[in-house]
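Summary of structural features
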Amino acid sequence: MIAFAVAAALTAPMLPGGDVPAATPLPGAPGVPSAEAGWTVRGGAGFAWPGAGAPVRLNDNTTLVSPDVAVPPEAQALGVRIATGAAFAVIVAEPVDGSPRVALGTVETSAALTTTTVPVWRVAGRTVRIVIDPVGALGEVV
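Attention here is on the structure that accompanies the text. (Residues numbered from 1 in each chain as written. Predicted model: local features only at pLDDT ≥ 70, side-chain atom pairs only at ≥ 80, totals over all residues. Heavy atoms only, no water.)

So, the packing of aromatic side chains
As a reminder, the rule being used: Stacked, edge-to-face and tilted are the three classes for Phe, Tyr and Trp ring pairs, Trp counted by its six-membered ring, which pair at centre distances within 6.5 Å; planes under 30 degrees apart are stacked, over 60 edge-to-face, the rest tilted. Only protein chains enter the calculation, and the probe is 1.4 Å; a residue is then buried if its accessible area is under 20% of its type maximum, exposed if over 50%, and partly exposed in between.
Inspection of the entire model under this criterion finds one aromatic pair. Pairing Phe47 with Trp49 gives two aromatic rings, centres 5.2 Å apart and planes at 85 degrees, and the pair type is edge-to-face. Overall, Phe47 belongs to the partly exposed group, its relative accessible area being 21%.

Here you go:
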């Protein structure tokens, strides 16, 4: 799985002829997962970070956790770039203040890398960690 996270904010310019604002990337978004960028993993005995810029592959019940992300009050969506194949991934916001986790969505794609969005308005204005938890059939890799 490659996970790339950016949030869309409503402070963006308006689209021509409409009242729907264009989304802009969240400043300070966690970006492409790497140990250098502050991402961590939970579980997954034997997990090893790939080389710089290489996709992160998760198996053996490995969960990917972003560094702290300050979600702006006007944030609406988070883009996740992921390939799940026969599996799917549950995306959760884990508030750093210890309050209950907030489910953002379930992502199911093909084996091809796909960017999809999940809503983040329920955690707007808070600092959270984005948790990407793959769920697959026995032996599947995300």
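So much for the structure itself; the text now carries on.
Observations concerning the side chain of Ser66
Cut-off, in case you're wondering: Helix and strand definitions here come from DSSP, where helices need a minimum of 4 consecutive H or I residues and strands a minimum of 2 consecutive E residues; each element is numbered from the N-terminal end. In protein, a polar contact means a hydrogen-donor-capable atom and an acceptor-capable atom, both N or O and within 3.5 Å, with residues adjacent in sequence counting only if both atoms are side-chain atoms; elsewhere, any N or O pair within 3.5 Å suffices.
Relative to the helices and strands, Ser66 resides in the loop between strand E3 (63-65) and strand E4 (69-70). Relative accessible area serves as the criterion here: at 2%, Ser66 is assigned to the buried category. Here Ile130 takes part through its backbone nitrogen, which lies 2.8 Å from a polar atom of the side chain of Ser66.

Here's the deal with the pattern of salt bridges
Here is the rule we go by: We define a salt bridge as a contact between a side-chain nitrogen of Lys or Arg and a carboxyl oxygen of Asp or Glu at a distance within 4 Å.
If you walk through the whole model with that rule in mind, you get four salt bridges. The residue Glu94 makes a salt bridge to Arg42 at a minimum N-O spacing of 2.7 Å. You can see Glu94 sitting in strand E6 (residues 88-95) and its partner Arg42 sitting in strand E2 (residues 40-42), a full 52 residues away along the chain. For Arg42, a relative accessible area of 36% translates into the label partly exposed. Residue Arg129 is joined to Asp68 by a salt bridge in which the shortest nitrogen-to-oxygen separation is 3.1 Å. Here the residue Arg129 occupies a position in strand E9 (residues 127-135), and Asp68 occupies one in the loop between E3 and E4, the gap between them amounting to 61 residues. Three or more residues are tied together by salt bridges with common partners; here these are Arg42, Asp68, Glu94, Arg101 and Arg129.

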